[in-house]
Amino acid sequence: MRVDLLAGATYNPAIMPSPVPTILVFDSGLGGLTVFSEILKVRPDARYVYAADDAGFPYGRLSEAVLAERVVAVMERLIRLHDPNIIVVACNTASTLVLPYLRERFSIPFVGTVPAIKPAAQTTRTGYISVLATPATVARDYTRDLIETYAAGCRVNLVGSRRLAGFAEAELAGNPVRDEELLNELRPCFVEDTGGRTDVVALSCTHYPLLLSRFQALAPWTVTWIDPAPAIARRVMQLIGQPVPGHEADENEAIAMFTSGAGISLALRGALQEKGLPLVAVEDMPLLVG
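Throughout, residues of each chain are indexed from 1 in the direction in which the sequence is written. Under the rules for a predicted model, residues below a pLDDT of 70 receive no local features and side-chain atom pairs below 80 are neither given nor counted, while totals for whole chains, interfaces and linings still include all residues. Only heavy atoms go into the side-chain values, all of them from the structure, while hydrogens and water stay out.

A.B. asks: How would you sum up the sheet that holds strand E4 (residues 86–89)? Please name residues and give values.
C.D. replies: Read from one edge of the open sheet, six strands run E5-E4-E2-E3-E12-E13, paired in parallel fashion. This sheet does not close on itself; its edge strands, each paired only once, are strand E5 (110–111) and strand E13 (279–282). Strand pairing follows a simple DSSP-based rule, namely that at least 2 bridges must link the two strands. The numbering of helices and of strands both runs from the N terminus, where a helix is a DSSP run of H or I of at least 4 residues and a strand a run of E of at least 2. The sheet contact formed by strand E3 (residues 47–52) and strand E12 (residues 254–258) spans five bridges and is parallel. Residue pairing for E12: Ala 52 is matched across the bridge by Phe 258. Contacts from helix H10 (residues 229–240) reach strand E2 (22–27), E4 and E5 within the one sheet, and its direction differs from that of E4 by about 165°. When checking whether two residues touch, look at their non-hydrogen atoms; a contact exists if any pair is within 4.5 Å. An axis is simply a line fitted to the C-alpha atoms; with a helix, the fit covers only the stretch in contact. Between two such axes, the angle follows the N-to-C directions and lies from 0 to 180 degrees.

A.B. asks: Could you give me a rundown of the nonpolar core, with the residues and numbers involved?
C.D. replies: The nonpolar side chains of soluble globular proteins are, as a tendency, buried together. Ranked by internal contacts, the top residues of the largest apolar core, which has 29 residues, are Ile 23, Val 25, Leu 33, Ile 39, Val 88, Val 236 and Leu 277. Contributions of two or more residues to this core are made by E2, helix H1 (33–42), E3, E4, H10, E12 and helix H11 (266–274). At six residues, the largest contribution of residues to this core is made by H10. When sequence neighbours within four positions are dropped, the list of residues in contact with Val 88 reads Leu 24, Val 25, Phe 26, Val 35, Ile 39, Val 111, Ile 232 and Val 236. Throughout this description, the term nonpolar core refers to a set of buried Ala, Val, Leu, Ile, Met, Phe, Trp, Tyr and Cys residues connected via side-chain atoms within 4.5 Å. Three labels apply to residues, based on accessible area from a 1.4 Å probe with only protein chains included: buried if under 20% of the type maximum, exposed if over 50%, partly exposed otherwise in between. In this structure, Val 49, Val 72, Val 89 and Phe 110 belong to the second largest nonpolar core, which totals 27 residues.

A.B. asks: Describe the side chain of Thr 93, naming the residues involved and giving the relevant values.
C.D. replies: Tracing the chain through its elements places Thr 93 in helix H3 (residues 92–105). Throughout this description, a polar contact denotes any pair of N or O atoms lying within 3.5 Å of each other; where both atoms belong to protein, one of them has to be capable of donating a hydrogen while the other can accept it, and for residues adjacent in sequence the pair is counted only when both atoms sit in side chains. Within the local environment of Thr 93, its side chain forms a polar contact with the side chain of Thr 134, the two groups lying 3.0 Å apart. For Thr 93, the residues in contact, after removing those within four places along its chain, are Tyr 59, Gly 60, Leu 67, Thr 134, Ala 136, Thr 137 and Arg 140.

A.B. asks: Outline the packing of helix H2 (residues 64–82) against H3, supporting the account with residue identities and numerical values.
C.D. replies: One can describe the packing of H2 onto H3 by two numbers: an axis separation of 9 Å at closest approach and a directional angle of 55°. Taken together, the axis directions place H2 and H3 in an arrangement best described as oblique. Two packed elements cross with a definite hand, and for H2 against H3 that hand is right-handed. Together, Glu 64, Leu 67, Ala 68, Val 71, Val 72, Met 75 and Glu 76 of H2 and Thr 93, Ala 94, Leu 97, Val 98, Tyr 101, Leu 102 and Arg 105 of H3 make up the contact between the two elements. For the contact of H2 with H3, a count of residues per class yields 10 nonpolar, one polar and three charged. For this classification, under 35 degrees means roughly parallel, over 145 means roughly antiparallel, 65 to 115 means roughly perpendicular, and everything else is oblique. Handedness of each helix crossing follows the sense of rotation of the near helix against the far helix: counterclockwise by less than a right angle gives left-handed, clockwise gives right-handed. Basically, the charged four are Asp, Glu, Lys and Arg, the nonpolar ten are Ala, Val, Leu, Ile, Met, Phe, Trp, Tyr, Cys and Pro, and anything else, Gly included, counts as polar.

A.B. asks: Let's hear about the pairing of E13: which residues, and what values?
C.D. replies: The pairing of E12 with E13 spans four bridges and is parallel. Residue pairing in the sheet places Met 257 in a bridge with Ala 281 of E13.

A.B. asks: Let's hear about the environment of Asp 27: which residues, and what values?
C.D. replies: Along the polypeptide, Asp 27 turns up in strand E2. With 61 residues separating them in the primary sequence, Asp 27 and Val 88 have C-alpha atoms 8.7 Å apart. With residues near it in sequence (within four places) discarded, Asp 27 still touches Gly 32, Tyr 50, Ala 51, Ala 52, Asp 53, Ala 90, Cys 91, Thr 206 and His 207. Within the structure, Asp 27 has its side chain in polar contact with the backbone nitrogen of Gly 31 (distance 3.1 Å).

A.B. asks: Talk me through helix H8 (residues 179–186); I want residue IDs and the actual numbers.
C.D. replies: Those residues of H8 that sit buried are Glu 181, Leu 182, Leu 183, Glu 185 and Leu 186. Against strand E6 (128–133), strand E7 (155–160), helix H7 (164–172), helix H9 (212–218) and strand E11 (224–226) lie the buried residues of H8.

A.B. asks: Go over the pairing of E3, please, and point to the residues and values.
C.D. replies: Burial of E3 is extensive: five of the six residues sit out of reach of the surface. Note: E2 against E3, six bridges, orientation parallel. Note on E3: the bridge partner recorded for Phe 26 is Ala 51. Handedness of the crossover joining E2 and E3 through H1: right-handed. Assignment of crossover handedness uses the view with strands pointing away from the viewer, where a clockwise path from the first strand over the helix to the second indicates a right-handed crossover.

Here is the structure:
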């Protein structure tokens, strides 16, 4: 079973008036495509920029100061180039740290993504929840605060995987890893003892739903998987309104932009086109860490 949740954005402006908005979806890599796909369903008429900061991927290896500086700098250039009406930060690691900086620096509405701990607590029947995320998201005080606020009565198992985001990128590029490697990352999510066993796994990295069908096949037992993407799309719809009647986006109104482009292959271009992003560009922004 797959459950979605309300997106974790605290920004609450009025409905935006732009009839055909430009929507920018941002991530460190390809995980945000799971969010982009859901937004595209509800606003097929919009103009889209999918921005992958692949020069900085993975964000979990960066210190908080470097990450904040990097995301703000990349966002500044993206806004200057594409003038979006709304920006979706489709990355838990960036959202849990950088959203306050972005909202202070820019007047554009931002929608973020945070660990789905509240809906996990509302969904579980056994009280055993696993939060599958990156090590950086697991370590954030923000994540601990969510647990204390919404899941204090549950047994919350935080699982930080260093490899799954890379596995998801490889999957999309046509180079899937072996089942054994995937299962090694997934196995810590499944806890069973005399008190009960895990029945909900919150996918708290937007890369992970790219692997959901394989997770379901490899899981030791059936659990509810929580994917935030559908609810993020609903939140975007709340902010920008309904599609414009009679307007259909053409192939020039959806572009995937990378800050390095080192991993762009023919297979990846094909995958991007299948997801609705026929145009690919590189805006060179190397990661400079002093």
